[in-house]
Amino acid sequence: MKHLHCFLLGLLAAGAVTAQAPVAIDLNSGAGLPADSSPSSLIARADGLVLFTACTPELGCELWRSNGTLAGTQLVLDIHPGPASSQPSRFGLDTPGSIVYFSADDGSRGSELWRSDGTAAGTRLIADLEPGVNGSDPRSVVGSTGIQVLFTAGTSASGREIYRSDGVTAALVVDLNAGVDSGVANSSGQHPDLTKIGTRVVFSGTNGISGDEPYLTDGTAAGTVRIKDVFIGGGGSAPTDFTAYSTGMVFVASNSGQGRELYRSDFTDVGTTRVSDITPGTGDGVFYVMGVSGTVALMAGTSGGANGVELFGYNGTTTALVRELNAGSADGLAEFRTVGLSTMAGGLLYFAGTSAAEGEELWRSDGTLNGTIPVAELLPGISGSFPRGLATLVQGATARVLFVPTFNESSVGPLFITDGTPGGLVNLDTFKNIDRGLEGAQIGSGPGAFLLLAALGSSPVGDAELWRSDGSAAATTLVADIATLTGSSSPSRVIAAGTRGFFTAFEANTGRELYVTRGSAATTTRVVDLQPGTQSAFGPDAVGYEQGSLIGVALGERLVFMAHSGGQGFEPHVSDGSAGGTLQLIDATPGIDSSNSRGIVAAGTRAFLALDTLAGSRLYATDGTPAGTSQVTLPCTFKSDAQLTAVGTRVYFRCTEAATGEELYRLESTTLAIQRVVDLTTGPESSALTLLGPAGRPARLAFLESNNGVRLLLSDGSVPGTIILNSDPGRDYKSRAPIIDGDGASYLRGRDAVGEKLFRINPALTALTTVLAYPNEPRPQQQFDDADAGSNCSLLLGDGAPLEGFELYRFNGITQSGALVSPSLQPGTRSSELSEISAFPGSDRYYANALAGSDGALGVELMRLDGNGPSLSPTVIDIAAGAASSAPRNFAMLGQQLTFSAHTAAGGRELYVLPPPDRIFGHGLNDGCGALQ
């Protein structure tokens, strides 16, 4: 979840205003920003239909399907409705290859086992093995007998054990290690829990007595047996790399007398023996099995001493060095980097190998000295091209290998394919991020077979989408631009400056530039094209930038912000909403190089900017004019993030002097006088400070110090006025500014030894008390840890409960009680998916981004919540009609109007304005409730 936000602006109004539907301000009806769908976990059914995970801004990361055509590339199901992600992963097939199993999180049950036949109707949850929001985290789905599959799952009652499923339900096979401890023992975490060898399934397991050893299972309790106690006693041999060999398998393990070596097994105790002793004694001789070429099992190993890691082979009788690629102690093979570094194609092992003369390049081996040769030297000389992401494309009798060079491991090259011959190397003229390997899935098996994969087009800068390739450059083409933002201006959050609101938006002819609005289409215009043409003034319009952050602060009616202009770098600017009044304040890093903002705050009549420049970190002050912008002379230096924090007319920050280390400093905005507030950690040792923000009224700075446990402190900028409010070592606090209610009490989130809590600082700023314990800790991946407040200072807090999912809780600061808001926004265990809440100042009306309707029938939409007390009356404002989600976000108040962005299929993501609600009372910024952020 994203953090909740409340923007309470000073305003006065009277009377009643009729509530209206939000008004769209369509700024872009043409081309939109690229968005990265990053297809991953591709798996092909027996009929060639590929299922995979892809991400879009409006749906999150969900289950998709493709047959290699644009028309055949479709969403299967939005399992976690709206922009939240179900994150399908760990795909596996049943034995017929018709049903795909995977792990997914629908938002209420955590990661559990799902199945899909490629249709929405045929996609469903198999079992909720670990009730609640944590999930059982299923892994390693493998086909067993008929339609039955085996997988592992972890529960609080049994640990990680083996389960079976027939596609309808799931059941525990056996609690191998009885009780809460795990029977499945994946010691490295880099290998699958279960490995299918022919019709058998093997794994590393433990019964709690003999340690991690090789086990065999047929999906029944009686048929789950230890193959051999390789390491006699309780130590465990930690077997890995189970690989089919001849009529049995080979694997890597250790025993009490030797390090890790190669073992061969026919799945019986007597037929399981060690077949290598490459490094005599207790040293490790074998690191991983790379593949099997004919009758030779190839592995990465070392004979120890002055020798590096090289290619060894086992031919069924003896184990010997195949070829020393890199003489002496230098490694010919990367020791522990196995993903995407080797693959089998046409009976040959292709791998990344290193020689002193050529660096790391692509090699192949048939298990013999003469048959182990370099395939291609893409970067002549000793530097090497570092081939990664190796994958195989089989077309009838022909097998070729795709790979990506990552020159010097810093820049990604184009995708190549080779048949292993000197003239068989083809540049496919597309790029691929190889962090997870190529993750290709093959459709077909004959001469016309092709791969589906994620690629970046003809440039390494772009959005990763679904591509197909038959191994030729001409037929390596984009299948579908899944995450398209065509027609979207993708506006940023509005920053209110007086009666104006500033934001950034994208338009194809101008890129992302600065816009201004007063809350209507007629008053919304582009301020100026700071970067003429299609270049953007606010960073690259590429992967992950569709929200287009505006880094700035209001200074009266003007905005002080960071932007590119006129071909220069990212530097401070000011705007009064007109083209003529939009100027660069200073070129802190001269020329085309950029300054990096470490914080912008306003205090008094000035704005202050902490900037990283090529000359070092600097502090600047500005009155909003170039002439009134200058560097502030510091008695200290910024060694880390300054954490500029404005409290009244003072600015606090972290700064370092040799004699005192990094400590708390203050700056007077009128005189620019600077002094160290206090040396909390006496001497040159630095204090570990986290500045939170204002607390109380009149406000003081709230901050944390965590050198020895977490201490909560308050300061008025003086030594005697800096007090430790709490130093309980069992407490921790969220690094968010406290909220301040109408009485001057302040609230902040945190935890103690028991769990998540809401804490209150009394108006006198002398005591800290616990006022609310949350019913259930938020899931770490959701980060749902914020609140909002209305006129009566009751807080709306998002939290999870086992039978409710993530819903609204109301806390009244007067009675110090908390309760679930009734009715639940999303009945049952499904969560309401709150990501933002905004309260109109002084009213009892809230607007929330929430999932509406039973089982998500209306998607994620704007929801109005009317009322006071324990009940709220929810009203859905269905912007994207039906089950589609408009996913409102970036809530901000502009005078009496709520501004936000929302998405529709017809208009893309655009700016929306909601006219004032029925009642607005007179409340100013410092009078009323705020937001826990």
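Conventions we followed
Residues numbered from 1 in each chain as written. Predicted model: local features only at pLDDT ≥ 70, side-chain atom pairs only at ≥ 80, totals over all residues. Heavy atoms only, no water. Helix = DSSP H or I, 4+ residues; strand = E, 2+ residues; numbered from the N terminus. Buried < 20%, exposed > 50% of the residue type's maximum accessible area, 1.4 Å probe, protein only. Contact = heavy atoms within 4.5 Å. Areas by Shrake-Rupley, 256 points an atom, 1.4 Å probe, with all protein chains shown as cover. Pairing = 2+ DSSP bridges. Core = buried A, V, L, I, M, F, W, Y, C linked by side-chain atoms within 4.5 Å. Disulfide = S-S within 2.5 Å. Polar contact = N/O pair within 3.5 Å; in protein donor to acceptor, adjacent residues only side chain to side chain. Salt bridge = Lys/Arg side-chain N within 4 Å of Asp/Glu carboxyl O. Axes fitted to C-alpha atoms, helices over the stretch in contact; angles between N-to-C directions. pLDDT = per-residue confidence, 0-100. Phe/Tyr/Trp six-rings, centres within 6.5 Å; stacked < 30°, edge-to-face > 60°. Lys NZ or Arg CZ within 6 Å of the ring centre and 35° of its normal.

With that out of the way, let us pick up the overall build of the protein. The number of helices and strands found in the protein is zero helices and 73 strands. Out of the 933 residues in the protein, the part that is buried amounts to 56%. Across the protein, the fraction of contacts at a sequence separation of at least 24, relative to all contacts at a separation of at least 6, is 48%. Carbon and sulfur atoms make up 53% of the accessible area of the protein, which totals about 34100 Å².

We now examine the environment of Ser246. As for its placement among the helices and strands, Ser246 is situated in the loop between strand S18 (240-245) and strand S19 (248-253). Residue classification places Ser246 among the exposed positions, given a relative accessible area of 58%. Taking the C-alpha atoms as reference points, Ser246 and Ala297, 51 residues apart in sequence, are found 9.7 Å from one another.

With that out of the way, let us pick up the sheet that holds strand S15 (residues 200-205). Spatially, S14-S15-S16-S17 is the arrangement adopted by the four strands of the open sheet, whose pairing is antiparallel. Sheet topology places strand S14 (194-197) and strand S17 (225-226) at the edges, where each strand pairs with a single neighbour. Note that strand S16 (residues 213-217) and S17 share two bridges and pair antiparallel. Across the sheet, Tyr215 pairs through a bridge with Arg226, a residue of S17.

The next subject is the nonpolar core. Grouped together as the largest cluster of nonpolar side chains are 16 residues, with contacts concentrated most on Phe608, Leu619, Phe638, Leu644, Val651, Phe653 and Leu667. Secondary structure elements with two or more residues in this core: strand S46 (596-603), strand S47 (606-613), strand S48 (616-622), strand S51 (650-657) and strand S52 (661-668). Take this core: its biggest share by element is three residues, from S51. Not counting residues up to four positions away in its chain, the partners in contact with Val651 are Val601, Ala603, Phe608, Leu644, Thr645, Ala646, Tyr665, Arg666 and Leu667.

In this section: the pairing of strand S26 (residues 342-345). Residues Thr343 and Ala345 line the buried face of S26, whereas the alternating positions Ser342 and Met344 sit on a face that is not buried. Sheet topology places S26 next to strand S27 (residues 348-355); four bridges connect them, and they run antiparallel. Bridge pairing in S27 links Ser342 to Phe351. Taking the residues that link successive antiparallel strands as the turn, the S26-S27 hairpin has two residues, and the phi of Gly346 there is positive, at about 60°.

As a further point, take the state of the cysteines. Defined simply, a disulfide is a covalent bond joining two cysteines at their sulfur atoms. Following the criterion strictly, the structure yields two disulfides and no others. Between the sulfur atoms of Cys636 and its disulfide partner Cys655 the distance amounts to 2.2 Å. Taking the torsion about the sulfur-sulfur bond, which here is approximately 100°, the covalent link between Cys636 and Cys655 counts as right-handed. Here the residue Cys636 occupies a position in the loop between strand S49 (629-631) and strand S50 (645-647), and Cys655 occupies one in strand S51, the gap between them amounting to 19 residues. Residues Cys636 and Cys655 agree in their burial class; the two are buried. Each disulfide in the protein links cysteines that, numbered along the sequence, combine into the pattern 1-2, 3-4.

Looking down a regular strand, the side chains alternate between one sheet face and the other. Burial analysis of strand S10 (residues 139-143) places four of its five residues in the buried class, which makes it a mostly covered element. Where S10 lies against strand S11 (residues 149-155), three bridges are found, and the strand directions are antiparallel. What sits directly across from Val142, in S11, is Leu150. With antiparallel pairing between neighbouring strands as the criterion, S10 and S11 make up a hairpin whose turn holds five residues, including Gly146 at a positive phi of roughly 60°.

Moving on, we come to the environment of Ala397. Mapping Ala397 onto the fold places it in the loop between strand S30 (387-395) and strand S31 (398-405). Taking the C-alpha atoms as reference, Ala397 lies 8.0 Å from Gly346; in sequence the two are 51 residues apart.

Before going further, it helps to spend a moment on the side chain of Glu62. Inspection of the secondary structure puts Glu62 in strand S4 (residues 60-66). A distance of 3.3 Å separates a polar side-chain atom of Glu62 from the backbone nitrogen of His80. Setting aside residues no more than four positions away along its own chain, Glu62 makes contact with Phe52, Thr53, Ala54, Leu75, Leu77, Asp78, Ile79, His80, Ala84, Ser85, Ser86 and Pro88.

Moving on, we get to the side chain of Thr243. Tracing the chain through its elements places Thr243 in strand S18. At 3.0 Å, the side chain of Thr243 and the backbone oxygen of Asp241 are in polar contact. Not counting the four nearest positions on each side in its chain, Thr243 is found in contact with Ile197, Gly248, Met249, Val250, Val289 and Val292.

This brings us to the pattern of salt bridges. For the structure on display, the rule yields 17 salt bridges. Residue Arg909 pairs with Glu58 through a salt bridge whose shortest N-O separation is 2.8 Å. Here the residue Arg909 occupies a position in strand S73 (residues 908-914), and Glu58 occupies one in the loop between strand S3 (50-56) and S4, the gap between them amounting to 851 residues. The buried category is assigned to Glu58, whose relative accessible area is 8%. The partner of Asp193 in a salt bridge is Arg139, with the nearest N and O atoms 3.8 Å apart. Here Asp193 is found in the loop between strand S13 (170-174) and S14, whereas its partner Arg139 is found in strand S10, with 54 residues between them in sequence. Counted as one network, the salt bridges with shared partners bring together Arg90, Asp137, Arg139, Arg160 and Asp193.

A word on the sheet that holds S31. Strands belonging to one sheet form pairs held by backbone hydrogen bonds; the direction of such a pair is parallel or antiparallel. The sheet built from four strands is open, its strands ordered S30-S31-S32-S33 with antiparallel pairing. The open sheet has two edge strands with one neighbour each: S30 and strand S33 (425-431). The sheet shows a mean angle of 25° between the axes of neighbouring strands, taken without regard to direction.

Let us now look at the confidence of the model for the protein. Averaged over all residues, the pLDDT of the protein is 84; the fraction at 70 or higher stands at 82%. Across the protein, the secondary-structure element scoring lowest on mean pLDDT is strand S63 (residues 787-789), at 38, and the one scoring highest is strand S20 (residues 261-265), at 98. Every residue in residues 776-794 scores below 50 in pLDDT, and together they form 84 contacts with partners more than four places removed in sequence or on other chains. Every residue in residues 918-933 scores below 50 in pLDDT, and together they form 72 contacts with partners more than four places removed in sequence or on other chains.

Cis geometry marks the peptide bond from Arg697 to Pro698; its omega dihedral reads 5°. Within the chain, Ala887 stands out as a residue other than glycine whose phi angle is a positive 50°. Tracing the backbone shows Ala887 in the loop between strand S70 (873-877) and strand S71 (889-894). In this structure Ala887 comes out as buried when scored by relative accessible area, which is 2%.

This paragraph deals with the packing of aromatic side chains. Applying the stated criterion across every chain yields a total of 15 aromatic pairs. Where Phe151 meets Tyr163, the ring centres are 5.8 Å apart and the plane angle is 25°; that geometry is what we call stacked. Placement of the pair is Phe151 in strand S11 and Tyr163 in strand S12 (residues 159-165), with a sequence separation of twelve residues. According to the relative accessible area criterion, Phe151 is buried, its value standing at 0%. Of the aromatic side chains, those joined through ring pairs into one cluster are Phe242, Phe251 and Tyr263. Residue placement shows Arg468 over the ring face of Phe450; its charged tip is 3.6 Å from the ring centre.

Here we take up the environment of Thr625. Structurally, the position occupied by Thr625 is in the loop between S48 and S49. Thr625 gets classed as partly exposed once you look at its relative accessible area, which sits at 29%. Expressed as a C-alpha distance, the spacing of Thr625 and Leu583, which sit 42 residues apart in the sequence, is 8.3 Å. Beyond its immediate sequence surroundings of up to four residues, Thr625 is in contact with Arg558 and Leu585. A polar side-chain atom of Thr625 sits 2.9 Å from the main-chain amide nitrogen of Gly628.

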